[in-house]
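For reference, the chains in residue letters:
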Amino acid sequence: MAGRLSLQEVDLSCSICCEIFRDPVVLKCSHSFCAPCLQQYWTQGTRSRDCPLCRSESVDDPVSSLTLKNLCDSYIQEGEGLEDPAGELYSDPGEMCPLHGERLKLFCLQDKEPICVVCHTSRKHKQHDFCPVSEAVVDVKEKMKTALSPMHEKKDAFNSMKKQYENSVECIQLQARFVERRTREEFEKLHSFLLAEEEARMDTLRGEEEHKSREMMQRIEEITRNIEYVSESIRVLEEEIASEGISILHKCKSTLSRADSPIEDPVMAPGALVDVAQYLGSLNFHVWEKMGEIVKYTPVTLDPNTAAPWLILSDDLSSVCDSEEKQKMPNNPERFDPDTGVLGRESFTSGKHAWDVNVGDSTAWVVGLAKESVQRKEKVSSVLKNGYLCVYFYHKMYFAGTSPLTRLNLKRNPQRIRVQLDCDKGRVSFYDPHDNTNIYTFKHAITERVFPYFWVGCQQCPLKVEPLEVSVKAVEYF
């Protein structure tokens, strides 16, 4: 047999006198009161026969509630309503009115606060609507439950964003390591070139030094022999001069002939010294000039932070191809997703600019420009009305990105596409560099920042930005 249910005192108390019901009666609105309390309220109140709680007018006489009376009697008999030592029923301080010391039985719908019966008749709450505290608790809980759902959604959104931030931290660290590795590799190439150039110049210097030193040594040996010959001739002449008598006449012909033998005067040949100016004159400029053989310059650098997760970029950020596997990338605002596009790092608002894109044998590609305001998180047609100025190749057909698309009839399949942008004249032209044939020209005012745009749908053939020839020239004065 189930145990008896316990009733709280608040459920058996009259909201007028805050005591256990005495001769309880119930109105048509279902609210119950002590019969004497209700009659006194109707007698003293300004309104006649209205419910003290909900203020609804009661036309019919109140009906005695025998069930509620029996419950109150049982409650008193079983001692659940025992008085404390001071003779007063215990109540939680939070259930009592701090102004009047009465139990909080009503809830003011305008002020959103629980009040007692005395507050109910006060000037502050005059003309306000009320409901029983029990009903207000139910309503508030329902509102809280309603408010709880979006809070859970917000929490999930924050958790999701936190996860994205954590992934972004990991991506930032990977990017930093990648940039560090690539930077070291590029500087290693430069270091290797400089070391090789230094060694080559040192070898050339050593070779010239050895060659010219050898020539000087040969000259020294030759002059040494001449010195010995002249010294011997001087000695002979001095001996003959010192001799007496006719003997000098017998030897004079041979002696004078020896003295008159032709010996060239010693003269240093031109170019005998090391050409110091050749080695040191504008040394760093000439090394820089020669460095053009290994330095590559591409007018457009692909921006990996804009690349769709399915795209694979080369380490030097000059080419891109499609793949089957979606890479783990942060969903940052700059990135295209789900569209498989990527932007160039450079942006333009004025001036003239040009670059060549090697499309090769790719079966699906889009090349051109995209405005900064293009949608990157939606898959949209890359046409002019959506912010793109591009040419297309798919299904073995060429198109210009007008609205609707313009079919292009080309005499040959270009391997490269040249993009020429004149921001000031509002022209974007596409050419085949093979014979400089114009493919299509957009006449569209450049009113916002534009970026080089690439879309690729082929996994075998990447799109590649062609490097430009690099030359170093000094400014000449005329």
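Residues numbered from 1 in each chain as written. Predicted model: local features only at pLDDT ≥ 70, side-chain atom pairs only at ≥ 80, totals over all residues. Heavy atoms only, no water.

(A) Focus on the overall build of the chain. Along the chain, the regular secondary structure elements total seven helices and 19 strands. A compact globule built from 478 residues would reach a C-alpha radius of gyration of about 23 Å, whereas the chain, at 53 Å, exceeds it by more than 25%. By the burial criterion, 32% of the 478 residues in the chain qualify as buried. Pairs at least 24 apart in sequence give 58% of the contacts found in the chain among residues at least 6 apart. Only carbon and sulfur atoms are counted for the fraction: they give 55% of the accessible area of the chain, which is about 31700 Å². With 59 positive and 75 negative side-chain charges, the chain shows a spacing of 7 Å between the two charge centroids. (Helix = DSSP H or I, 4+ residues; strand = E, 2+ residues; numbered from the N terminus. Rg over C-alpha atoms; globule rule 2.2 N^0.38 Å. Buried < 20%, exposed > 50% of the residue type's maximum accessible area, 1.4 Å probe, protein only. Contact = heavy atoms within 4.5 Å. Areas by Shrake-Rupley, 256 points an atom, 1.4 Å probe, with all protein chains shown as cover. Lys, Arg positive; Asp, Glu negative; His and termini not counted. Charge placed at Lys NZ, Arg CZ, Asp CG, Glu CD.)

(B) Expanded view of helix H1 (residues 35-44). Taken as a whole, H1 has its buried residues at Cys-37, Leu-38, Tyr-41 and Trp-42. All buried residues of H1 lie within an arc of 130° about the axis, which places them on one face of the element. In this structure, H1 carries Thr-43 and Gln-44 as exposed residues pointing more than 90 degrees from its buried face. The secondary structure elements touched by the buried residues of H1 are strand S1 (24-26), strand S2 (32-34) and helix H3 (117-120). (Arc of directions from axis to C-beta.)

(C) Region of the structure containing a positive patch on the surface. A grouping of Lys-352, Lys-425, Arg-427 and Lys-443 is seen on the molecular surface, where their side chains present a positively charged patch. Tracing the chain through its elements places Lys-443 in strand S17 (residues 437-443). Residue class for Lys-443 comes out exposed when judged on its relative accessible area of 67%. (Patch = residues over 30% accessible without salt bridge, like charges linked within 9 Å, V, L, I, M, F, W, Y side chains within 5 Å. Salt bridge = Lys/Arg side-chain N within 4 Å of Asp/Glu carboxyl O.)

(D) Summary view of the environment of Asp-203. With respect to the helices, strands and loops of the structure, Asp-203 is situated in helix H4 (residues 133-242). For Asp-203, a relative accessible area of 44% corresponds to the partly exposed category.

(E) A look at the sheet that holds strand S5 (residues 113-115). Taking strand neighbours across the sheet as the criterion, the three strands line up as S5-S4-S6 in an open arrangement whose pairing is antiparallel. Of all the strands in the sheet, the pair left with one neighbour each is S5 and strand S6 (130-132). Adjacent strand axes in the sheet meet at a mean angle of 35° when their direction is disregarded. Judged from the three bridges that link them, strand S4 (residues 106-108) and S6 form a sheet pairing that is antiparallel. Across the sheet, the residue bridging to Cys-108 is Phe-130, located in S6. Across the sheet, H4 lies against S4 and S6, angled at about 95° from S6, the strand it touches most. (Pairing = 2+ DSSP bridges. Axes fitted to C-alpha atoms, helices over the stretch in contact; angles between N-to-C directions.)

(F) Geometry of the nonpolar core. Trp-365, Phe-454 and Leu-463 are the most contacted members of the largest nonpolar core, which totals 48 residues. Per-element tally for this core: the top contributor is strand S12 (residues 388-394), with six residues. One finds Ile-16, Cys-108, Ile-115 and Cys-119 within the second-largest nonpolar core, a separate group that totals 26 residues. (Core = buried A, V, L, I, M, F, W, Y, C linked by side-chain atoms within 4.5 Å.)

Purely geometric stuff here, so don't read any function into it on its own.
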